[in-house]
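The residues making up each chain are set out below.
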Amino acid sequence: MAGKDGADRVYVFGYSPAAVGMMENRSAEGNARFFLDHLKPGMSVLDMGCGPGSITVGIAAAVAPGEVVGIDIEPSQIMLGRDRAASLGLQNCRFETGSVYDLPFGDRTVDAVFGHTILMQFRDLDPVLGEIKRVLKPGGLIGFREIDIGASLFHSETSAIRDVMTILRRSILHNDGNPDIGRALPRLLADAGFNIRSAAAAYNCATTPEAKAGMYEMMAQLWKQSEFVARAESDGWISPSARRAMTDRLEQEAGDPGSFSGTTYAEVVAYSPATA
Ligand SMILES: C[S@@+](CC[C@H](N)C(=O)[O-])C[C@H]1O[C@@H](n2cnc3c(N)ncnc32)[C@H](O)[C@@H]1O
């Protein structure tokens, strides 16, 4: 079980170079387009669980001169976010260490809250959604993009990528998260009192041979570097030989023109009640 501040929760992806690199490849245009359409210059936005800030900085550009604050529980990610904002010369983008269980904002002070692959980590969302409602101004905007690993597409039941995602899914479940949260997101937000504005699903696909090569290389590095893979072996979910063989399997699959996968995400935009 996680404590109120989530400090005893294991974050499954970890902070290996491969995991952080994966987050750094994200952007507001690529991962938050559904949310950008609802933003206006001057709005204040909180990006919760911002990681290295690659999406946060794009949101900041969209609402300037409004302020965007990225918060993350991991100080190394906050440093990366600050470096990124400084290198882009952004004056309206701050990064602060903080927890989604105890957001560093006053009541009713924020125009919008955004999150990308953050809610999947918490099976009991009540305390997190309660914090979001507390900091949002009445009628405030939220946008969340969350994974649904169980609804993802793989060209074959024996695909290497499918096997990696199966271990990842099991690890998230084991750590008290919800790897299939995408499908449940509108219900969770509606039950928490938010008014749903739009709910959609999207696939992340590596669409060209070059993108596919990059994606498989990234997955191979994630497999090699991640603590969750080592734990899958020590817990007996995979054999040592299956763990070793994965790198070759991924390489072979990368070179197969017929291999294909699409990771599913739900994209939901909602508002808090105007009279909260
Ligand atoms: C999958 S990453 C997503 C990062 C970023 N939103 C993105 O999509 O590129 C999840 C992030 O949530 C952060 N995190 C985990 N538990 C948290 C908590 N209790 N409060 C704030 N951030 C947390 C992790 O440190 C990690 O950077």
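Residues numbered from 1 in each chain as written. Predicted model: local features only at pLDDT ≥ 70, side-chain atom pairs only at ≥ 80, totals over all residues. Heavy atoms only, no water.

**Considering the overall build of the protein**
Check the secondary structure of the protein and you find 11 helices and seven strands. Whereas a compact globule of 276 residues would reach a radius of gyration of roughly 19 Å, the protein reaches 19 Å, a difference of no more than 12%. Dimensions of the protein, computed from the C-alpha atoms along their principal axes, are close to 55 × 40 × 35 Å. Residues counted as buried form 49% of the 276 residues belonging to the protein. Across the protein, the fraction of contacts at a sequence separation of at least 24, relative to all contacts at a separation of at least 6, is 79%. By element, 53% of the accessible surface of the protein is carried by carbon and sulfur atoms, the whole surface being about 12300 Å². (Helix = DSSP H or I, 4+ residues; strand = E, 2+ residues; numbered from the N terminus. Rg over C-alpha atoms; globule rule 2.2 N^0.38 Å. Buried < 20%, exposed > 50% of the residue type's maximum accessible area, 1.4 Å probe, protein only. Contact = heavy atoms within 4.5 Å. Areas by Shrake-Rupley, 256 points an atom, 1.4 Å probe, with all protein chains shown as cover.)

**Focus on the pattern of salt bridges**
Under the defined criterion, the tally for this structure stands at 17 salt bridges. Note that Arg-249 is salt-bridged to Asp-163, the shortest N-O span being 2.9 Å. Of this pair, Arg-249 sits in helix α11 (residues 240-254) while Asp-163 is found in helix α7 (residues 160-174), placing the two residues 86 residues apart along the sequence. Several salt bridges converge on common partners, so that one network encompasses Glu-67, Arg-82, Arg-94 and Glu-96. (Salt bridge = Lys/Arg side-chain N within 4 Å of Asp/Glu carboxyl O.)

**Examining the nonpolar core**
One finds Met-48, Val-113 and Ile-132 to be the most contacted residues of the largest nonpolar core, which totals 59 residues. At seven residues, the largest contribution of residues to this core is made by α7. Sequence-distant contacts of Met-48, that is, excluding residues within four places in its chain, are made with Ile-71, Val-100, Val-113, Phe-114, Gly-115, Ile-118, Leu-119, Val-128, Ile-132 and Phe-144. Within the second largest apolar cluster, 23 residues are counted, among which are Phe-34, Val-68, Ile-78 and Phe-95. (Core = buried A, V, L, I, M, F, W, Y, C linked by side-chain atoms within 4.5 Å.)

**Let's talk about the site of the ligand**
Taken together, 20 residues surround the ligand, and among them Tyr-15, Arg-26, Gly-49, Asp-72 and His-116 come closest. Contacts to the ligand include Tyr-15, whose side-chain N or O atom sits 2.4 Å from an oxygen atom. Take His-116: an N or O atom from its side chain is 2.8 Å from an oxygen atom of the ligand. Contact with the protein chains removes 98% of the 600 Å² of surface that the ligand exposes when unbound. Considering only residue class, the shell around the ligand consists of 10 nonpolar, seven polar and three charged. (Near = heavy atom within 4 Å. Polar contact = N/O pair within 3.5 Å; in protein donor to acceptor, adjacent residues only side chain to side chain. Nonpolar A, V, L, I, M, F, W, Y, C, P; charged D, E, K, R; others polar.)

**A few points about the sheet that holds strand β4 (residues 110-116)**
Pairing is mixed across the open sheet formed by seven strands, whose spatial order is β3-β2-β1-β4-β5-β7-β6. Either end of the sheet is taken by a strand with one partner, and the two such strands are β3 (93-97) and β6 (195-204). Between one strand axis and the next, the sheet turns by 20 degrees as a mean value, whatever way the strands run. The pairing of β6 with strand β7 (residues 261-271) spans nine bridges and is classified as antiparallel. (Pairing = 2+ DSSP bridges. Axes fitted to C-alpha atoms, helices over the stretch in contact; angles between N-to-C directions.)

**Comments concerning helix α4 (residues 56-63)**
Those residues of α4 lying buried are Thr-56, Val-57, Ile-59, Ala-60 and Val-63. Buried residues of α4, viewed axially, fall in a sector of 155 degrees; they line one side. (Arc of directions from axis to C-beta.)

**Some remarks on unusual backbone geometry**
Cis geometry is found at the peptide bond from Ala-64 to Pro-65, where omega equals 10 degrees. Looking at where Pro-65 falls in the secondary structure, it is placed in the loop between α4 and β2 (68-72). For Asp-176, which is not a glycine, the phi torsion comes out positive at approximately 70 degrees. For Asp-176, the position within the fold is in the loop between α7 and α8 (185-191).

**Considerations on helix α6 (residues 126-135)**
Along α6, the residues that are buried comprise Val-128, Leu-129, Glu-131, Ile-132 and Val-135. Axial view of α6: buried residues confined to an arc of 155 degrees, hence all on one face. Its buried side turned inward, α6 meets β1 (45-48), β4, β5 (136-154) and α8.

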